[in-house]
Amino acid sequence: MSVLAGAINLNRELRTDIQQRLDEVEAAIRHSWGEGGNVLLGAGVVAASRDFGAFEQPAAWQDTAQFAALTGHPLISSNRTDDLKQLLDADDLHLTLQQSDGAFCFLHYLHQEQKLTLATDALGLRPFYYTIVDEILYFSSQLKWLHRLGVANKADPQGLIEFSTLGFFLLDNTPYDNVKCARPAEVLVIEKGRLSRSRWLDWQSIATQTLAEEEALNLLTERFQTVCAKYAADDTHSLTLLSGGLDSRVINQELSRKGLSVLALNFSVQETQDLACAKAFAQEQRIPLEVVQVADTQAITVEQRLGTYRRSGKNEALDAISRPRLCWSGNGGSVGIGWVYYSEAIYRAAKNEDVERLVDLYIEQQSAYVSKRMIKNANELQQALKRNLVKSFDECGDLPLEKAFQLFLLFNDQHHHLAVPYEDIDEYQMDFCVPLLSWKVLACVLSQPVEKVRGHQFYMKWLQRSYPEVLNTPWQAYPGHVPCHLPMQGQDQWQMAANKRLARGQVVKAWREAFGARAEQPIKMGAFTLSCSLHLLGLWNAGSHIGLVDRMTRW
């Protein structure tokens, strides 16, 4: 795991005021990172990286000609250091990046050419953020760094509404009105003050390719095993997450087949289906399972929980893990292979090429409504949310809407759901293996007709064919998807969460955050204070309203 940050002059001349600002950026980086970072100083450029060593493979390079660094792992090979060298030696960067399988961000600066290159992975899971202020382009792999540098101060109400209602930002939006986020497979080049943008992967072309089902199933298994092997490298003991679903289960099964000793972690509420299913699978497959009981699975991200757990030193078994700051995660399987959000109603709208209807249904499905009670100009912000959702389909070109919706989910939902937890990577200091989010794995699924992959249909065929062991014990299935016919124990944790009231401490914290929020945030503070009071007195369950405002003040 690592962090990138820096700034570069866009003016043909290096004015005194620009140099002064670049010096301030350097000073801020050195003050924050001390001796823990690699810093480049060039003519009109400051670039820096800090690696916390999760992969235990250095990925920074500096000599008289160039400076380069990585966050994450490209997975061109199993060795991150070798991957960086391949990217530096590439005659055609786009072609070399197409060999990647992982989640990463790449930085490269050439002194003589005064050329800065930034690139992100196929889905933008490890993006870079950038803004231009007074002829300087500032960039970082974390939004918080741009805020620290004083160039990300003004909130963007529309971006905040997107995050508050959907849980992610649309397009290249961020919570700041002047800051943009890299799009999937984006390459940004600044050479002698000139800026250009391109994509190293053509997702539209991938979405139109077709394979026979038999071929797609075989290729999916081959590619999944390949990406797992590259992530595993020479490890003998691995740390994994294990929930009650299928995604983490298939990863644990593949690692066990490869002969790795696995320690699985489950963070769940007591007596839930998630815990019961995880226990049943672990026992049947003889996988050691460490259960960490939590009161609320949604209070913080699993990444944050994992970092806190690792630092606690409560489990000596972690000492045996080959790379204890690296954990395997099933992120991406339910959306990118099972297509959990592709409901029957949305499918009908897509078949009719009715994007307005599809977006309305998606808003309803996600309960993405702007509260008139809590938010100023709620009607206008709701309309803007819908416009941006419709606009999100523009980058899918002339694809049929049923295929475009698949790319929408990959480009937005998956893109930002992981990008947000990575904001705190310097705090929990862990990184993640996410093999189900390999673009080559997802391409196999995209090669099939939409009607054959919705509802976990193709996913289940793949498991029955290549990993039948994962279906020997009960798993949590999504409503309307291929069901689990095995007897189920435990309570539905999602229903439990829906019925649970926010605790006093959570409400007070949310109110304090809102009270201290920036003036441009569209919160009706009087109404929010009243709602918090009624909730604390037990007169009204204002949990959904409080949650919306709490997510807004995350930034």
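Here, every reference points to the structure presented above.
Definitions and limits used
- Residues numbered from 1 in each chain as written.
- Predicted model: local features only at pLDDT ≥ 70, side-chain atom pairs only at ≥ 80, totals over all residues.
- Heavy atoms only, no water.
- Helix = DSSP H or I, 4+ residues; strand = E, 2+ residues; numbered from the N terminus.
- Buried < 20%, exposed > 50% of the residue type's maximum accessible area, 1.4 Å probe, protein only.
- Polar contact = N/O pair within 3.5 Å; in protein donor to acceptor, adjacent residues only side chain to side chain.
- Contact = heavy atoms within 4.5 Å.
- Salt bridge = Lys/Arg side-chain N within 4 Å of Asp/Glu carboxyl O.
- Axes fitted to C-alpha atoms, helices over the stretch in contact; angles between N-to-C directions.
- Parallel < 35°, antiparallel > 145°, perpendicular 65-115°, else oblique.
- Left-handed = near helix turned anticlockwise from the far one by under 90°.
- Core = buried A, V, L, I, M, F, W, Y, C linked by side-chain atoms within 4.5 Å.
- Pairing = 2+ DSSP bridges.
- 1 Å grid on protein atoms, 1.4 Å probe; cavity = no way out; pocket = protein on both sides within 12 Å on 5 of 7 lines; lining within 4 Å.
- Points joined across faces, edges and corners; volume = space filled by probe spheres on them.
- Nonpolar A, V, L, I, M, F, W, Y, C, P; charged D, E, K, R; others polar.

Participant: Sorry if this is basic, but what is going on with the side chain of Ser100 here?
Facilitator: Its place among the elements puts Ser100 in the loop between α3 (93-97) and β6 (104-110). By relative accessible area, which is 1% here, Ser100 ends up buried. Within the local environment of Ser100, its side chain forms a polar contact with the backbone oxygen of Leu97, the two atoms lying 2.6 Å apart. Residues in contact with Ser100, not counting those within four places in the same chain, are Pro74, Leu75, Ile76, Trp200, Trp439 and Lys440.

Participant: In this structure, what is going on with the pattern of salt bridges? I would like to understand it.
Facilitator: Opposite charge on two side chains permits them to pair, given that their charged atoms come into close proximity. Under the criterion given, the structure shown has 26 salt bridges. With its nearest N and O atoms 2.5 Å apart, the salt bridge here joins Arg183 to Glu395. Taken together, the residues span a long stretch of sequence, with Arg183 in the loop between β10 (180-181) and β11 (186-191) and Glu395 in the loop between α14 (378-391) and α15 (401-419) at a distance of 212 residues. Looking at Arg183, the relative accessible area reads 3%, which means it is buried. The structure contains a network of salt bridges with shared partners spanning Lys144, Asp424, Asp426, Glu427 and Arg554.

Participant: How do you make sense of the packing of helix α22 (residues 525-536) against helix α23 (residues 543-552) when you look at a structure like this?
Facilitator: Helix-helix packing: each pair is described by the crossing angle between the helix axes and the interaxial distance. Taken N-terminus to C-terminus, the directions of α22 and α23 make an angle of 135 degrees; their axes are 10 Å apart at the nearest point. Classed by the angle they form, the pair α22 and α23 counts as oblique. The chirality of how α22 crosses α23 is left-handed. Of the residues in α23, those touching α22 at Phe528, Cys532 and His535 are Gly543, His545, Ile546 and Val549.

Participant: Hey, could you run me through the nonpolar core in this one?
Facilitator: Side chains that are nonpolar tend, in soluble globular proteins, to be buried together. Formed by 169 residues in total, the largest nonpolar core has its most connected members in Phe106, Trp203 and Leu463. Here this core takes ten residues from α15, the largest share from any one element. Setting aside residues no more than four positions away along its own chain, Trp203 makes contact with Ala122, Leu123, Pro184, Leu407, Leu410, Phe411, Trp439 and Leu446. Within the second largest apolar cluster, 20 residues are counted, among which are Leu40, Ala69, Phe128 and Ile190.

Participant: Help me out: how do you make sense of the sheet that holds strand β16 (residues 326-328) in this one?
Facilitator: Sheets are built from strands that pair by backbone hydrogen bonding, the pairs being arranged parallel or antiparallel. Judged by pairing direction, the sheet is parallel, and its five strands sit side by side in the order β15-β14-β13-β16-β17 without closing on themselves. Two strands in the sheet have a free side with no partner beyond their single neighbour: β15 (289-293) and β17 (431-433). Adjacent strand axes in the sheet meet at a mean angle of 35 degrees when their direction is disregarded. Sitting on the sheet, helix α8 (residues 247-257) touches β13 (237-241), β14 (261-268) and β16, and the angle it makes with β13 is about 170 degrees. Packed on one face of the sheet, helix α10 (residues 302-312) meets β13, β14, β15, β16 and β17 and runs near 115 degrees to β14.

Participant: Which parts of the structure should I look at to understand empty space enclosed by the protein?
Facilitator: Any empty space left between the atoms is revealed when a probe the size of a water molecule rolls over them. Tallied over the full model, the rule gives three cavities of 30 Å³ or more. In this structure, the largest cavity is lined by Ser2, Val3, Thr71, Arg126, Pro127, Ser141, Gln142, Tyr422 and Ile425. Residues of the lining of the largest cavity, tallied by class, amount to four nonpolar, four polar and one charged. Estimated volume of the second largest cavity: approximately 40 Å³. As for the second largest cavity, its lining consists of Asp101, Gly102, Asp121, Ala122, Leu123, Leu125, Leu437, Ser438 and Trp439.

Participant: What's the story with the pairing of strand β2 (residues 38-42) in this structure? I'm lost.
Facilitator: Regular strands place side chains that alternate from one sheet face to the opposite one. Across five bridges, β2 lies against strand β3 (residues 45-51) in antiparallel orientation. Opposite Val39, over in β3, you have Ala48 as the bridge partner.

Participant: Would you mind going over the layout of surface pockets with me for this structure?
Facilitator: Empty space within the second largest pocket amounts to approximately 210 Å³. The wall of the second largest pocket is formed by 14 residues, among which Ala90, Leu93, His108, Lys115 and Thr117 lie closest to the centre. Mapped onto the lining of the second largest pocket, the elements with two or more residues apiece are α2 (80-89), α3, β6, β7 (115-120) and β11. Here the element with the most residues in the lining of the second largest pocket is β6; it accounts for three residues. Of the residues contributing to the lining of the second largest pocket, the split by class is eight nonpolar, three polar and three charged.

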